[in-house]
Amino acid sequence: MALWNELPIYSHRMDIRLDDLRHPAVIALLQEHLDWMHRTSPPESVHALDLDALRGNDISFWAAWDGEALAGCGALRRLDAGHGEVKSMRTAQTHLRRGVAARMLDHILDEARHRGYRRLSLETGSMAYFAPARALYTRAGFVACAPFGDYVEDPNSVFMTRTL
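This report concerns the structure included in the present document. By convention here, each chain's residues receive numbers from 1 onward along its written sequence. The predicted nature of this model means local features are confined to residues of pLDDT at least 70 and side-chain atom pairs, given and counted, to a pLDDT of 80 or more, with totals for whole chains, interfaces and linings taken over all residues. To obtain the side-chain values, all non-hydrogen atoms of the structure were used and water was disregarded.

### A word on the overall build of the protein chain
Okay, step 1: Secondary structure follows DSSP: runs of H or I at least 4 residues long count as helices, runs of E at least 2 residues long count as strands, and numbering of each begins at the N terminus. When helices and strands are counted, the protein chain shows 4 helices and 7 strands.
Okay, step 2: For the protein chain, the sequential pattern of α-helices and β-strands runs β-α-α-β-β-β-α-β-α-β-β.
Okay, step 3: Here the radius of gyration uses the C-alpha set of atoms, whereas the globule reference equals 2.2 Å times the residue count to the power 0.38. Rg of the C-alpha trace for the protein chain: 15 Å, near the compact-globule value of 15 Å for 164 residues, within the 12% margin.
Okay, step 4: Buried means the residue's accessible area, taken with a 1.4 Å probe over protein chains only, is under 20% of the maximum for its type, while exposed means over 50%, and partly exposed covers the values in between. Looking at the protein chain as a whole, 48% of its 164 residues qualify as buried.
Okay, step 5: Partitioning the contacts of the protein chain with sequence separation of at least 6, the portion at a separation of at least 24 is 67%.
Okay, step 6: Averaging the locations of the 19 positively and 21 negatively charged side chains of the protein chain gives two centres separated by 5 Å. When checking whether two residues touch, look at their non-hydrogen atoms; a contact exists if any pair is within 4.5 Å. Neither His nor the chain ends is counted toward charge; the positive residues are Lys and Arg and the negative residues Asp and Glu. Note that the charge is assigned to NZ on lysines, CZ on arginines, CG on aspartates and CD on glutamates.

So this is what it looks like as structure tokens:
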């Protein structure tokens, strides 16, 4: 199910590629992501990962490029042999509402299927700031679920999952 078909998209192909988290634009976008998570959520409810955590062996990270401009990013964490987690989805301010997040999510879904995962889950915020993200995930077939992995119930978090 290609989500980006439902949204305004680029007239050319966006390049989504595995990333080593060393490019200055990627580092800046991830710092912006962390800063916004801390602005919108209490400290105990911020589950965004920093650069060192994103470089872990259980995580694959991709950057989406629009020519020379970074358009967004996303990551996939291996929870177990059949279960993955969407992490660090972020669209650059210059590329908002252009289908970047939907295309990155499609890429992560495809990769999860390729790896043989049977389930893909995520955590996002419950506040109004996160409403567009929750809508994107709902369109992609994610439904509310109980906390998974190391997460615990939190009124500031929404947990979602879908089978693949």
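The rest of the description comes next.
### Examining the packing of aromatic side chains
Where two aromatic rings form a pair, the distance of their centres and the angle of their planes describe that pair.
Okay, step 1: Two aromatic rings, drawn from Phe, Tyr or Trp (for Trp, its six-membered ring), form a pair once their centres lie within 6.5 Å of each other, and the interplanar angle then sorts them: stacked below 30 degrees, edge-to-face above 60, tilted otherwise. Here the structure, examined in full by the defined rule, presents 6 aromatic pairs.
Okay, step 2: With 5.8 Å between their ring centres and 70° between their planes, Tyr137 and Phe142 make a pair best called edge-to-face. One exposure class covers both Tyr137 and Phe142, and it is buried.
Okay, step 3: When the ring of Phe148 is compared with that of Tyr151, the centres are 5.0 Å apart and the planes differ by 65°; the resulting orientation is edge-to-face.
Okay, step 4: Residue Tyr151 is classed as buried on the basis of its relative accessible area of 15%.
Okay, step 5: Through pairs of rings, three or more aromatic residues link up here, namely Trp36, Tyr129 and Phe130.
Okay, step 6: Either the NZ atom of lysine or the CZ atom of arginine qualifies as a charge over a ring when it sits within 6 Å of the ring centre and within 35 degrees of the ring normal. Note that Arg39 overlies the ring of Trp36, its terminal NZ or CZ placed 4.8 Å from the centroid.

### Quick look at the side chain of Ser60
Okay, step 1: For Ser60, the location among the structural elements is in strand β2 (residues 59–66).
Okay, step 2: For Ser60, a relative accessible area of 16% translates into the label buried.
Okay, step 3: Whenever two N or O atoms come within 3.5 Å, that pair is a polar contact, provided that in protein one can donate a hydrogen and the other can accept it, and provided that, for residues adjacent in sequence, both atoms are side-chain atoms. Among the polar contacts made by the side chain of Ser60, one reaches the side chain of Arg115 at a distance of 2.6 Å.
Okay, step 4: Excluding anything up to four places from it in sequence, Ser60 contacts Leu18, Gly74, Ala75, Leu76 and Arg115.

### Comments concerning the environment of Ser45
Okay, step 1: With respect to the helices and strands, the residue Ser45 is situated in the loop between α1 (24–40) and α2 (51–54).
Okay, step 2: In this structure the C-alpha to C-alpha distance between Ser45 and Gly125, which are 80 residues apart in sequence, comes to 8.3 Å.
Okay, step 3: When sequence neighbours within four positions are dropped, the list of residues in contact with Ser45 reads Glu123, Asp154 and Asn156.
Okay, step 4: Side-chain polar atoms of Ser45 contact the side chain of Asn156, separated by 3.2 Å.

### Notes on the nonpolar core
Okay, step 1: Each nonpolar core is a collection of buried residues, namely Ala, Val, Leu, Ile, Met, Phe, Trp, Tyr and Cys, held together in the definition by side-chain atoms within 4.5 Å. Counting residues in hydrophobic clusters, the biggest one holds 22 residues, and the most contacted among them are Val86, Met89, Leu105, Ile108, Leu120, Tyr137 and Phe142.
Okay, step 2: Listed by contribution, the elements that provide at least two residues to this core are β2, β3 (69–80), β4 (83–91), α3 (100–114), β5 (119–125) and α4 (131–139).
Okay, step 3: For this core, the leading source of residues is α3, giving 7 residues.
Okay, step 4: In contact with Phe142, not counting residues within four places along its chain, are Val86, Leu105, Leu109, Leu120, Ser121, Leu122, Tyr137, Met160, Thr161 and Arg162.

### Section: the sheet that holds β4
Okay, step 1: One requirement defines pairing of two strands: DSSP has to find at least two bridges between them. In spatial order, the strands read β1-β2-β3-β4-β5-β7-β6; together these 7 strands make up an open sheet with mixed pairing. Each edge of the open sheet carries a strand with a single partner, namely β1 (15–18) and β6 (143–144).
Okay, step 2: Judged from the 7 bridges that link them, β3 and β4 form a sheet pairing that is antiparallel. Bridged to Cys73 within β4 is Arg90.

### Examining α4
Counting along an α-helix, one turn takes 3.6 residues, and residues three or four places apart therefore face a common direction.
Okay, step 1: Among the residues of α4, those classed as buried are Arg134, Leu136 and Tyr137. One face of α4 carries all of its buried residues, which in axial projection span an arc of 160°.
Okay, step 2: Looking at the buried positions of α4, the neighbouring elements they touch are β4, α3, β5 and β7 (157–163).
Okay, step 3: Gly141 sits one or two residues past α4 and shows a positive phi near 95°. Think of it as the arc spanned by the lines of direction from the helix axis to the C-beta atoms.

Any functional reading would require information beyond the geometric quantities listed.
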